[in-house]
Amino acid sequence: MWGSRKNGDKQSVVCIACGTAVRRDAAREYDKEGNRWERKDKTFEHLCKNCHRDLCHQPRDELEGILVEIDAGTVDRQEFLARYETTVRDRYGPLEEEG
């Protein structure tokens, strides 16, 4: 059966969303590759429970690739949003509004 994680649960991790330090057992693992079950040679980032609850839990196929492609995190917010909108529109077409 699985080994005990008694020592690991008491260690502190930092939430990547809000920066709060929380105990490991009070956090949720976040895998930017989207497959937290494949654990070999992988390190995880963590989210506090509040930030994890606030996440959209819908599938995010291709999202990480788009973010890398448009250099997310290296440009200001306005440039990021412009690049994201253009890339998504070019790849998937215009957003259709209900009405």
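Let me begin by describing the structure that accompanies this report.

The rules behind the values
- Residues numbered from 1 in each chain as written.
- Predicted model: local features only at pLDDT ≥ 70, side-chain atom pairs only at ≥ 80, totals over all residues.
- Heavy atoms only, no water.
- Helix = DSSP H or I, 4+ residues; strand = E, 2+ residues; numbered from the N terminus.
- Buried < 20%, exposed > 50% of the residue type's maximum accessible area, 1.4 Å probe, protein only.
- Contact = heavy atoms within 4.5 Å.
- Salt bridge = Lys/Arg side-chain N within 4 Å of Asp/Glu carboxyl O.
- Disulfide = S-S within 2.5 Å.

Considerations on the overall build of the chain
Okay, step 1: Scanning the chain for helices and strands turns up 4 helices and 4 strands.
Okay, step 2: Per-residue burial over the chain gives 17% buried out of 99 residues.
Okay, step 3: For the chain, the share of sequence-separated contacts (at least 6 apart) that also reach a separation of at least 24 residues comes to 31%.

Considerations on the pattern of salt bridges
Okay, step 1: One pass over the full model with this rule turns up 6 salt bridges.
Okay, step 2: A salt bridge links R91 to E69; the shortest N-O distance between them is 2.7 Å. Within this pair, whereas R91 is found in helix α4 (residues 77-92), its partner E69 is found in helix α3 (residues 63-69), the two being separated by 22 residues in sequence.
Okay, step 3: Judged by relative accessible area, which is 47%, E69 ranks as partly exposed.
Okay, step 4: For R83, the salt bridge goes to D71, with nearest N and O atoms at 3.6 Å. Within this pair, whereas R83 is found in helix α4, its partner D71 is found in the loop between α3 and α4, the two being separated by 12 residues in sequence.

Side note on the state of the cysteines
Okay, step 1: Tallying each qualifying case throughout the model produces 0 disulfides.
Okay, step 2: C15 carries a free sulfur, and the closest cysteine sulfur to it, the one in C18, is 3.7 Å from it.
Okay, step 3: Free of any disulfide, C51 has its nearest cysteine sulfur in C48, 3.6 Å distant.
Okay, step 4: We classify C51 as buried; its relative accessible area is 16%.

Take it as geometry only, folks, not as evidence of what the structure does.
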